Structure formats: structure tokens, C-alpha cells
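Remarks on the overall topology
Residues per chain, in single letters:
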Amino acid sequence: MTIAEPITLTRKDFQSDQTVRWCPGCGDYAILAQMQKTLPELGIPKERIVFISGIGCSSRFPYYMDTYGIHSIHGRAPTLATGLKVVNPELSVWVITGDGDGLSIGGNHLIHACRRNVDINIVLFNNRIYGLTKGQYSPTSPQGIRTKSSPMGSLETPLNPISVALAAEATFIARTVDVIQSHMGDMFRRAAAHKGVSFVEVFQNCVIFNDGAWEPYSNRKVRDDNNLYLEPGQPMIFGKKRDKGLVLGARGLEVVELGEKYDEKDLVVHDPTNVELAFLLSRLDYPMPLGVILEVQKRTYEDGLWGQVAQAKEQKGEGDLRTLYYNADTWTVG
Amino acid sequence: MTEKRPVSVRELESVVIRFAGDSGDGMQLTGNQFTNTAAIVGNDISTLPDYPAEIRAPAGTLAGVSGFQVQLAETDIWTPGDAPDVLIAMNPAALKASLGDLGQGASIIVNTDAFTPANLAKAGYETNPLEDGSLNAFHVYEVPITSMNRAAVKDVKGLSPKEVDRSQNFFALGLVYWIYDRPLENTIRWIKKKFAKRPEVVEANIKALQAGYFFGDTTEAFQVRYRIKSASLPAGTYRKVSGNEAIAMGLVTAAKKANKPLFYGSYPITPASDILHALSPLRNFEVLTVQAEDEIAAMGATIGAAFGGALAVTGTSGPGIALKSEAMNLAVMLELPMVIIDVQRGGPSTGLPTKVEQADLLQVMFGRNGESPIAVVAPATPSECFDFAIEAFRLAIRAMTPVVLLSDGYLANSSEPWQIPDPDEIPPLHIEHPRTTNNEDHFLPYKRDPETLGRPWALPGTPGLEHRIGGLEKSPEYGNVSYAPRDHQQMVNERAAKVARLADVIPEQTVFGPESGKLLIVGWGSTYGAIHAAVSQARAKGQTVAHAHIRYLNPFPKNLGDILNRYEKVLVPELNMGQLSLLLRARYLREIIPLNKVQGQPFKVAEISTMIDRILAGDIS
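Here is what the cut-offs are and how they apply
Residues numbered from 1 in each chain as written. Chains lettered and ligands numbered in written order. Predicted model: local features only at pLDDT ≥ 70, side-chain atom pairs only at ≥ 80, totals over all residues. Heavy atoms only, no water. Pairing = 2+ DSSP bridges. Helix = DSSP H or I, 4+ residues; strand = E, 2+ residues; numbered from the N terminus. Axes fitted to C-alpha atoms, helices over the stretch in contact; angles between N-to-C directions. Domains from an automatic or database assignment. Contact = heavy atoms within 4.5 Å. Buried area = accessible area lost by both parts, 1.4 Å probe. Salt bridge = Lys/Arg side-chain N within 4 Å of Asp/Glu carboxyl O. Polar contact = N/O pair within 3.5 Å; in protein donor to acceptor, adjacent residues only side chain to side chain. Core = buried A, V, L, I, M, F, W, Y, C linked by side-chain atoms within 4.5 Å. Buried < 20%, exposed > 50% of the residue type's maximum accessible area, 1.4 Å probe, protein only. 1 Å grid on protein atoms, 1.4 Å probe; cavity = no way out; pocket = protein on both sides within 12 Å on 5 of 7 lines; lining within 4 Å. Points joined across faces, edges and corners; volume = space filled by probe spheres on them. Nonpolar A, V, L, I, M, F, W, Y, C, P; charged D, E, K, R; others polar. Expected span 1.5 Å × (residues − 1). Arc of directions from axis to C-beta.

1. Describing the sheet that holds strand β10 (residues 262-266) of chain B
Two pairing modes exist for strands in a sheet, parallel and antiparallel, and in both the strands are linked by backbone hydrogen bonds. Residues and elements named next belong to chain B. The strand order across the open sheet formed by seven strands is β11-β10-β12-β13-β15-β14-β20, and the pairing between neighbours is mixed. Only two strands of the sheet have a single partner each, and these edge strands are β11 (287-291) and β20 (552-554). Across this sheet, the average inter-strand angle for adjacent strands is 20°, counted without regard to direction. In the sheet, β10 pairs with strand β12 (residues 311-316) via five bridges, with the strands oriented parallel. Counted as the bridge partner of Phe263 is Ala312 from β12.

2. Topic: the domain arrangement of chain A
Residue and element names in this part refer to chain A. As far as domains go, chain A holds domain 1 (11-234 + 270-305) and domain 2 (235-269). Here domain 1 and domain 2 have C-alpha centroids that lie 28 Å from each other. Between domain 1 and domain 2, the residue contacts involve 16 residues of the former and 14 residues of the latter. Interface area, domain 1 with domain 2, both sides summed: about 1200 Å², of which 70% is carbon and sulfur. In this structure, the connection of domain 1 to domain 2 is made through zero salt bridges. At the junction of domain 1 and domain 2, the tally comes to five residue pairs in polar contact (both at pLDDT 80 or more). Those elements that provide at least two residues to the side of domain 1 that touches domain 2 are α8 (223-226), β9 (227-229) and α9 (275-282).

3. Looking at the nonpolar core
All names here are of chain B. Ranked by size, the top nonpolar core spans 159 residues in total, and within it Leu251 and Leu584 carry the most contacts. It is helix α14 (residues 382-399) that provides the largest number of residues to this core, a total of eleven residues. Leave out the neighbours within four places in its chain, and Leu584 touches Val522, Ile550, Phe556, Leu560, Leu564, Val572, Leu589, Arg590 and Ile592. Counting 53 residues, the second largest nonpolar core, distinct from the first, contains Val156, Ala172, Tyr180 and Ala211.

4. With respect to the environment of B:Ala93
Tracing the sequence through the fold places B:Ala93 in helix α2 (residues 92-99). Placed 32 residues apart in sequence, B:Ala93 and B:Thr61 show a C-alpha to C-alpha distance of 5.7 Å.

5. Here's the deal with the interface of chain B and chain A
Counting residues at the interface gives 74 residues for chain B, matched by 57 residues for chain A. Of the roughly 5500 Å² buried where chain B meets chain A, counting both sides, 62% is carbon and sulfur surface. By the criterion of area lost to chain A, the three top residues of chain B are B:Asn284, B:Glu293 and B:Arg468, representing 14% of everything that side buries. Put simply, chain B and chain A have six salt bridges between them.

6. So, empty space enclosed by the protein
In the structure shown here, the tally under the stated rule is two cavities of 30 Å³ or more. There is about 80 Å³ of room inside the largest cavity. Along the walls of the largest cavity sit 13 residues, with B:Leu48, B:Pro49, B:Thr354, B:Lys355 and B:Val356 positioned nearest its centre. Counting only elements with at least two residues in the lining of the largest cavity, the list comes to β3 (44-50) and α15 (409-413) of chain B. Partitioned by chemical class, the residues of the lining of the largest cavity number six nonpolar, five polar and two charged. Lining the second largest cavity, in full, are A:Pro78, A:Thr79, A:Thr82, A:His109, A:Ala113, A:Arg116, B:Val290, B:Ala292, B:Glu293, B:Ala297 and B:Ala301. Those elements that provide at least two residues to the lining of the second largest cavity are α2 (77-87) and α4 (107-116) of chain A together with α11 (295-307) of chain B. Of the residues assigned to the lining of the second largest cavity, the class counts are six nonpolar, three polar and two charged.

7. A word on helix α10 (residues 301-316) of chain A
Here α10(A) is 16 residues long and its end C-alpha atoms lie 22 Å apart, about the 22 Å a rise of 1.5 Å per residue gives. Within α10(A), burial applies to A:Tyr301, A:Glu302, A:Gly304, A:Leu305, A:Val309 and A:Ala312. Angularly, the buried residues of α10(A) cover 165° about the axis, an arc narrow enough to put them on a single face. Residues of α10(A) that are buried sit in contact with α2 and α4 of chain A together with β11 of chain B. Phi for A:Gly317, located one or two positions after α10(A), is positive at around 85°.

8. Here we look at the domain arrangement of chain B
Residue and element names in this part refer to chain B. One can read the domain layout of chain B as domain 1 (8-228), domain 2 (239-425), domain 3 (432-505) and domain 4 (517-616). Computed from C-alpha coordinates alone, the two centres of domain 3 and domain 4 are separated by 39 Å. Between domain 3 and domain 4, the contact holds five residues from the first and four residues from the second. Carbon and sulfur atoms make up 68% of the area that domain 3 and domain 4 hide from each other, which totals about 310 Å². For the domain 3 face of the interface with domain 4, the top three residues by lost area are Val499, Ala503 and Asp504, together amounting to 83%. Along the contact surface separating domain 3 from domain 4 lie one salt bridge. With a closest N to O distance of 2.7 Å, Asp504 and Lys558 form a salt bridge. Seen at the junction of domain 3 and domain 4, the total is one residue pair in polar contact (both at pLDDT 80 or more).

9. Looking at the sheet that holds strand β12 (residues 252-257) of chain A
All names here are of chain A. In space, the three strands of this open sheet follow the order β10-β11-β12, with antiparallel pairing throughout. In this open sheet, the two edge strands, each paired with only one partner strand, are β10 (237-238) and β12. Two strands pair when backbone bridges link them, and strand β11 (residues 244-249) and β12 are joined in this way by six bridges, in the antiparallel orientation. Counted as the bridge partner of Gly245 is Val256 from β12.

This is the structure in C-alpha cells:
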């Protein structure tokens, strides 16, 4: 009897020989490091892993991973990932995108990749700014933000990436923060484990053009008072002293103090299979929900497609060219 | 059986028939049925469907006229014919829209029931052409098709009045079958299959068809029947094929011959959608069709599928190419093999969605930022669409590059007999994916084959060959991002050289007619039939004219320049404003006489013939 060798990869196996060229202090370093640390734990041979990105700071990511990869064009990474995953469902396909790449120029592709439920993992680095083009407002920038292209303040309402993914029928939706390393690793692991499209929003800090955009959720001193760490089956408690929680009120999720009036039993219990609850969570910014917001099971696109192939072969037999050519009225000369 | 009245039968070499009616009248179906039957009895055929972009334009108007023209012959024919000999006009608008095209002394069969004051007004007739003498130059057969058809199917139960009238195209078809001495069986068989779920519709359509046929037989109006003998096509088994059908079968064949799944990413667009429709049912061939959210996504998914190792194709029309250009450029940069089909239509912008034009040549050649060479091939006939679907892949795989296959709305929809090939005799498409690294240190994704300059097609999933490719400029061999001046120059040179080197493996340009002399006509794509017919006629008259039809537009065949220089004059007819003329002038510094037409219609043979006469007479130089 032979037992398959367990795959033993380390973080180093995933580091390419290319020098990483993000700005010093960029949140992307932390995401890259965490990805390189997490992938060896997944048990997937690295030749089966592919990173596909679009354009932007985040999209340089594939060059730094010693896996297969494509640095594609602006906003289109989900389309390449779809074609690749369809022809080879064995691959673990990751899309690396940003708020501009994924929600502005590539918004259309992002929503359609979600609704098709292709089994790919989309990681969206959200820094609420255009970095690579040097500091214009992005589709997730807060209204009123003053940038080079909005000196009197941006007039636009920002998109909420989690709400977008929900509306687009994604089957796995999570949020994490670049500096909360173990949480981020956990989200990557769960995204990889999910069969179907996974959408992970990462709050990522751009030190140059939008430093501190996520301060309330990333700064060690204050973040535990502002972040709600979601766990399936657990009541929604938050706060450094774990003294606050969420109840379901007439207007949705409402913050309450635990103590005299409310105790844990009154709080909403997180159920990631509940889409309505996920919508309510997606609208919240205090506390900021982190973790797996939604996870539901649906047939994947590629399984459906190859299922049709199998079904057609069963019904009609393996495709035969002669049969195809002769599938019309024919006549013979001579 | 009643006694046969005396009817004379006249033999014809060829005939051109046009069915015309409202776009809801089923004229495409009628024309197709007539063509199928003609093909099965052995005539050579060539068809031209011509329909509006609107699904149901206002009934009775000129805008809503849908026509289907077919030429059948006992000799080789190359076009659907310049001028119909027979017009079947289901209403005044159909008559008016076709009148200008009819040949001298043509016959017109009109549905008199449709010549009501309201319909005449909708067609813009101030007086009834059936009464005002304006049709005196033609043989007009007035047939009350609608009322006779209603009478014929009145006993069929379960039909709405609308459905009753919907069968009247079969009455017209039956009549034409009688005139041309065609059997009904083939169409009856088709009706039974097509409407199997509606027995009452089957009954009505068959009754209508037979009633039309018997009407021809019994009425005194038709004194002559016509017979077109079987064509002397080379021995073999044939079927009718349109360009879009041929492309679909060619793509599937290529995938089978490569032993790979076929990936077809596409966004619906006229006139390319029929390729998607033809491929989607072929799942048992491992045909993976993805209807993408837009043209860009279709192109992106095709690139992803090519990276994954499938035979990857996208199909679209001119406006779709405009959207795909950025991703096509990425494909050039990544150096992955794939085929991009452009079924051209009238432009610019949305243009004329259902009409033919050849005005995307420069778009596919040059419509991308940077130096971005793409190989371009163009089949000349519907049958050739099959061969070139395979050929495009052969070139793509060799050079690891995207290849554009230029078809057009006329090739896509027109049909001709296709001698069915033996699939076992089609050579395999040989593809090698590296299994081991080409370099000690680590795999070099851009290390080129010294002969083809193609790079290795290493597939994700292969251990040890992990590599990254992207749209940024890269260093030779290593493929790492590089903006170094010499690296960019070298990579630009190499991408150009590998496309240029395809000229080593494409056939030399052939010429029909004399090898040198007064006049050479150079064409490409669907203008083949009209040019060939005009040149054949000219040569029969003793004129010194030759025809070269270019199937390989980038790179050009190696001997093309030499051929161009062997003739005193070169005429280039194109359904655009001179795009091939521009390329030939630029490349070969050769004076060209352009003949350009952008009317949404193919060339008529006479348009080319007139030009030949004028050039040879010295009117044009």
C-alpha cells in the first residue's frame, strides 16, 4: 500500500523572485504575507494555484506569488478567471482586485462572476482611493472627500462592496482588515474552502493617498470597540469589554448595552446562511461587521456546465464529427 | 385524377428567384425550404437572405420587407444572381422594394389580396401598380394567395385566423414548386418535424403547400413549367451550408483534432449569434459555450480559457471587436493562442446590423494601442468558413498568438452546397504543452522556438512550470516586468516577427486566369463569387483578366507582391471605402484602382464587369 505524500509547502515556496515594489508601509504587504502564509495550510499543490489580477496597486500581487498568474487589464480579472476555471475546474483560482478595479471599471464583471457562482476566490483590497493613478477618489470613497480630482469634495455616494456582492448573489461574503493578520488568514482559509464564488473585502490602508481611512477598525487602541467579529452560532457581542451587542429592532440591527436591560440571550445570533440578516449586517458601520457575513451552498457554474457535458454525452454519445456534418439534408452526386 | 392540361416544359440553365414579404411572413423559411429542395435534387445553389434588423417592423411598410434570393443552376454558380427572374411579392411593399432589382421581362407573382388601399398607402403607392400599367414590362401573375389559402385550410380545426394566414407562405412555396417542377416531399417531411407538437399546424401547412402546387397545376395562368437540370458538381455527398454553420462545424472539428475541449465565449450580436446557437447544443463534443455579460467579458474569458489549455474562441461583429480591442491586445501581449471571429456588418457604430460590409479590415489590423500585430484570415465562401476555422487555429497554435477570422453578414447567412469531408482525412492539430522546465533555474515562459518564435504553452497544473504573464512589457525569455529600452524593442520585434513568419507556412497566392497581362482583380472575403463570375464572363468574351483572391490578409502570401507587378493594372473591389487598397499600396507601392461599395449589399456581377470593360477600354487608369 502506498500512501500519498502529504504536501509540505512553506511560506517561502510561494514567494517569487521578484522584488516587491509597493510603497513602504502599504497595507498590501500584510495581505501578501498573510496569503503566502495561509496557502501552504490549504493542502493544494502550488501548481494548481492561479492568481489573476486587473490593474492597480493591488493587481501587482500575482508577480510576487510563485504560482501561476496573470496580471491582466483593468477590471477584467473575473472574466479571465471564469474562462480558466471553466476549462480546468481542478485549479484554485484567485482574483486580486481593488475598489477601483473591481467596483468601478470592472463592476460589471464582478457582479456577473458572483451571480454565476464560478468557484473562484475574489479578494478586493479596499483603500477607498485610487493609488496607482496618484490619489483620485474611488467608488468607495466617502462623499465629500477632497482629492486631486475633487478639490471641492466628491459628490458621489460610495458603493458598499458587501451590499454589492449580496445583491449580485455571491454565495460567500466576508470582510477583514489588513492589519488583523490572523483574522485575515482565517477569511482566506474559509474562502478557499467554500465551493462557489467567494468574495472577501479587505480594509487596506494606502499610506500615501488615504492614510488612516480605516483607523477606527484597524488601530489596536480603538478597533475592538468598533469591530464586530462575527462567528456562526454566536451572539453579536462587541466592545473591548464585550459590553455591547446587537438586537433586531424595528429599523434593523440596533446597538444595545448589555447589563440591566439586555443580556446575551436577547442578542441576534449570527447565521451566515440567512441572506436577510446578511443584508442588515452589510448596511452597518457601527459596529463594523468583520468575518463571514454570508455562506450559502449553490451549484457552481463550472459544475453545471460539465454536468451538461456529461448529460449530453450520456444522451447523445460522445460527439462524432461525421454525425455532426450529416445532421442536415444531404444528397449524393456521381 | 383529372386530365392533364397541356403545359410545356422549358429547360433552363439557371434561374434567380426572390421571395419577398413582411418580416413576419416567413420569407426566410420559404426561401430556405426552396433552396433545400433545389440542393437535394442536385442544383448548384447560392443564396442571399436580406432582412431588416427589426424583428417585426410595422407590417406592410418598406422598412419591414424581408427578402430571400436564391440562384439555382445546372452549372457552377458563384453568386445569388444580380437580378431576379422571378419575384414572389406577398404585398405592395415587397413589390416596391424589389422592383428596381428585377431583370428584363422578369415574372412577378403577386398576392393580390394584399393590394388593399391601406397596404398600397403604407408602401407609398399612389395608384395600384397592378392597374396603372407600371408593370407592363413584366409578366405579372395575379394570385389571390390569402383568400385561396384560407379556403384551402378552412377545415383544419384549432387554428386562429392569424395562424391560418401564417400558412400562406407555404401556398406560395407550393406554387413555385409546381412552376419549377420540384417535389414536395422534402418540405412536407420538414413541416412534420418542425411543428411536431402542433398537429393542426402541420396539417394546415401541408394543405397550404399542396393547394399552392395544385393551383399551379390547374390554373390556366401558367402555361410553362421550368426545369433546371442537376449541376455537375464533383462526385461526393453534399449538404447545404451557410458561413456561420460552417464556422461552427470547423471550430468543433479543430477541437476534436486537437483532442481538447472547445471554449466559445460570446455576447449575442447580429450577425454572429448563429455561431453561438450552433455551438451551444454540442455539449457532447465538450463544447463549453459561455454567454458572457458583455463583449469584453467574452474576450477575457476566452483568454482565460486559452491560458487553461482549451481551444478558445470568441465570436462577434464589428461593434464587438471595438469593445474587445483592449483584451485582444492583452492576448497579443500574453502570447496565447486563440481565434477571434468577426462577422462584419455595416458600420460605423451600430450601423446596419443585418447588412454586409467589409469595413473592419483596418480595425482588426490596427485598432489597438501600441505595436500589436495580429494574424488575419478571410474565407471567401461559406464552405471555406469551415476550412478557415481550422486553419486559424493552426496558425494561432504555431505562433502562440490570437488570429482573427474575418467573415461577414453575407457569408454568414448565405448558403451553398458543401461537399462533406471525411473527418478522418482532416489532419490532427498537433499541440505540445511542456511538462518539464526549459531552464535549470526556473521556467522561462517567453523562451521562443527558434523556428516559429512561438513561446511554450505551459498550462497551470503543471508542476515546476509556475510562471506569471501580464500586460506589462517584459524581459525577453524571462517574461519578468521590464521597461528597459532594449527589452521593449526586442519584444516588439519578436511579436511582429512571429506573425510575419506565418508566411512560411501559408499557401502561396494563386491566380485564376492568365499569369500576367492587362488586368488583375484582387479581392478578399465574400466578394469572391461576384469577382469570379465577372472574370469568368470576361475571359469567355476574350478579355485578358485575372483574379487573385486573398485569404491571408496578415501576413500576406509571400508571392503577392510579385503577382501584383505582373499586370498592367490592378483593380480592388471591396465592400468598404478602400481598406485592402490602402494596405496593398502601402506594402507594395503599387498603384491600385479601387472599386468601393457600401450599400449593405454584395457586389453584383455586372458592377465588376462594367469596371473591367471600362478599364480595358482605357476609360479608367
